[in-house]
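# Descriptive structure summary
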Amino acid sequence: MRIIIHENYSALSKWVAYYVAGRINSFKSTENKLFVLGLPTGSSPIGTYEHLVDLHEHGKVSFENVVTFNMDEYVNLPEDHPASYHYFMQHHLFSHIDIPPENVNILNGNAVDLEKECDEYERKIKELGGIRLFLGGIGADGHIAFNEPGSSLSSRTRVKTLNYDTKLENSRFFDNDISNVPGTALTVGVGTVMDSEEILIIVSGHKKARALQMAVEEGVSHMWTVSVLQLHKKSMIVCDEDATEELKVGTVKYFKDIEQDNIKHLPEV
Ligand code: GLP
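Residues numbered from 1 in each chain as written. Predicted model: local features only at pLDDT ≥ 70, side-chain atom pairs only at ≥ 80, totals over all residues. Heavy atoms only, no water.

So, on to the site of the ligand. Around the ligand, a shell composed of 13 residues is seen, among which Ser43, Ser44, Asp72, His143 and Lys208 lie nearest. Contact between the ligand and Gly137: an oxygen atom at 3.4 Å from a main-chain N or O atom of the residue. The separation between an oxygen atom of the ligand and a polar side-chain atom of Arg172 is 3.1 Å. Relative to its unbound accessible area of 390 Å², the ligand is 96% covered by the protein chains. The cavity where the ligand resides is the largest pocket. Within the shell around the ligand, the residues separate by chemical class into 4 nonpolar, 6 polar and 3 charged. (Near = heavy atom within 4 Å. Polar contact = N/O pair within 3.5 Å; in protein donor to acceptor, adjacent residues only side chain to side chain. Areas by Shrake-Rupley, 256 points an atom, 1.4 Å probe, with all protein chains shown as cover. 1 Å grid on protein atoms, 1.4 Å probe; cavity = no way out; pocket = protein on both sides within 12 Å on 5 of 7 lines; lining within 4 Å. Sits in = over half its atoms within 2 Å of the grid points. Nonpolar A, V, L, I, M, F, W, Y, C, P; charged D, E, K, R; others polar.)

Laid out in structure tokens, this is it:
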């Protein structure tokens, strides 16, 4: 697993956006060869989305032949609710780029049959040949998507009960009232993310420091689902200095040293 440490959130966001755009461009997608991209919500990817929009506006990247699959969505929250992930994605990315609306996939938390909705999602990902690059974030408890501590590391897309910490954390989007936060969500599984060809996880801020430490310096554990990245053939955590607070000085030095040439310049777009 690669660990790329940037000075701050702003540098991290720009680097990740250029990396993603570079991946899309080098794939040389066509109508018959679509680039399948997994996407997260949350505050972590907002800076990346801003830079991707900017790159798009400057003609450096097109999403015309990109298909996206979002990681998760709340159950029973109207799509036009400002805290819904449908709303978030439209607002921060999709309404600013040239992705065809039919290429956007976000789990429908209002589906009549939620299990069927999850199975269909898995089927569609498979049908498109799998996810080429899954971009993600993590919760303070180390969850990827909504795979809370204790989730099966081979789980697939399913309905998941949200734990107290996550609801408390996300209550900032629900008038700071935890009782307004939906108790369940649909989420891709840990196994779904692991099946991707490549995974890039953004980790920013000291709130995530413990999770980053568990993911990097401890073993694989279902209690910190992000730690499973250690088993992936091509995974990378891109973080900022604040998130490294709990890592050993030696660990930080080590990764800074081996990645020094890669952070000097932005990835080629
Ligand atoms: C939610 C989402 C996760 C996201 C996490 C972190 O729980 N389901 O996919 O990674 O929030 O959010 P933030 O980036 O705002 O810290």
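Within the largest apolar cluster, 41 residues are counted, with the highest numbers of intra-cluster contacts made by Ile201, Val203, Leu212, Ile237 and Cys239. Of all the secondary structure elements, the ones that give two or more residues to this core are strand E1 (2-6), strand E3 (66-70), helix H4 (114-127), helix H6 (190-194), strand E9 (198-203), helix H7 (209-217), strand E10 (235-240) and helix H8 (249-258). No other element matches H7, which puts 5 residues into this core. Sequence-distant contacts of Ile201, that is, excluding residues within four places in its chain, are made with Gly136, Gly137, Ile138, Ile144, Leu229, Met236, Ile237 and Val238. Counting 34 residues, the second-largest nonpolar core is a separate cluster that includes Trp15, Ala17, Val53 and Val61. (Core = buried A, V, L, I, M, F, W, Y, C linked by side-chain atoms within 4.5 Å. Buried < 20%, exposed > 50% of the residue type's maximum accessible area, 1.4 Å probe, protein only. Helix = DSSP H or I, 4+ residues; strand = E, 2+ residues; numbered from the N terminus. Contact = heavy atoms within 4.5 Å.)

Tracing the sequence through the fold places Asn65 in the loop between helix H2 (46-57) and E3. Take Asn65: its relative accessible area is 17%, and that puts it in the buried class.

Glancing now at the pairing of E9. On any regular strand, side chains alternate: one points to one face of the sheet, the next to the other face. For E9, the tally of buried residues reaches 6 of 6 residues, placing the bulk of the element in the interior. Side chains Glu198, Leu200 and Ile202 of E9 all project onto a buried face; the interleaved residues Ile199, Ile201 and Val203 project onto the opposite face, where all are buried too. As paired elements, strand E6 (residues 133-137) and E9 share 5 bridges and run parallel to each other. When the sheet's bridge partners are listed, Leu133 is paired in E9 with Glu198. As judged from the 5 bridges shared by E9 and E10, these two strands associate in the parallel manner. Of the residues in E10, the one forming a bridge with Ile199 is Ser235. Remark: the E9/H7/E10 crossover connection has right-handed handedness. (Pairing = 2+ DSSP bridges. Right-handed = clockwise from strand over helix to strand, strands pointing away.)

A few words on the layout of surface pockets. One number sums up the size of the largest pocket: a volume of about 690 Å³. Lining the largest pocket are 36 residues, with Thr41, Gly42, Ser43, Asn170 and Arg172 sitting closest to its centre. Of all elements in the fold, only strand E4 (72-74), helix H3 (85-92) and helix H5 (164-170) reach the threshold of two or more residues within the lining of the largest pocket. No other element matches H5, which puts 4 residues into the lining of the largest pocket. Across the lining of the largest pocket, the residue classes break down as 16 nonpolar, 13 polar and 7 charged. (Points joined across faces, edges and corners; volume = space filled by probe spheres on them.)

Attention shifts here to the side chain of Thr187. Tracing the chain through its elements places Thr187 in strand E8 (residues 184-187). There is a polar contact of 2.9 Å between the side chain of Thr187 and the backbone nitrogen of Phe146. Apart from the residues within four sequence positions on either side, Thr187 is in contact with Met71, Asp72, Leu107, Ala145, Phe146, Asn147, Arg156, Thr157, Arg158 and Lys160.

What follows concerns unusual backbone geometry. We note that Lys28 has phi near 50 degrees; this positive angle belongs to a residue other than glycine. Residue placement: Lys28 occurs in the loop between helix H1 (9-27) and strand E2 (35-39). Its relative accessible area of 62% is what places Lys28 among the exposed residues. For Asn76, which is not glycine, the phi torsion reads 65 degrees and is therefore positive. Inspection of the secondary structure puts Asn76 in the loop between E4 and H3.

All right, on to the sheet that holds strand E7 (residues 158-161) then. To summarise the sheet geometry, strands pair through backbone hydrogen bonds and adopt either a parallel or an antiparallel arrangement. Taken in spatial order, the 3 strands of this open sheet run E4-E8-E7, and their pairing is antiparallel. The sheet is open, and its two borders are formed by E4 and E7, each paired with just one other strand. Strand-to-strand twist of the sheet, defined as the mean angle between neighbouring strand axes without regard to direction, takes the value 30 degrees. (Axes fitted to C-alpha atoms, helices over the stretch in contact; angles between N-to-C directions.)

Here we take up the pattern of salt bridges. Counted by the stated rule, this structure contains 12 salt bridges. For Glu127, the salt bridge identified is with Arg123, shortest N-O distance 2.4 Å. Taken together, the positions of Glu127 and Arg123, both in helix H4 and 4 residues apart, correspond to about one turn of that helix. Ionic pairing is found between Lys207 and Glu169, a salt bridge with its closest N-O pair at 2.7 Å. Separated by 38 residues along the polypeptide, Lys207 in the loop between E9 and H7 and Glu169 in helix H5 bring together distant segments of the chain. Relative accessible area serves as the criterion here: at 47%, Lys207 is assigned to the partly exposed category. Assessed through its relative accessible area of 29%, Glu169 is described here as partly exposed. (Salt bridge = Lys/Arg side-chain N within 4 Å of Asp/Glu carboxyl O.)

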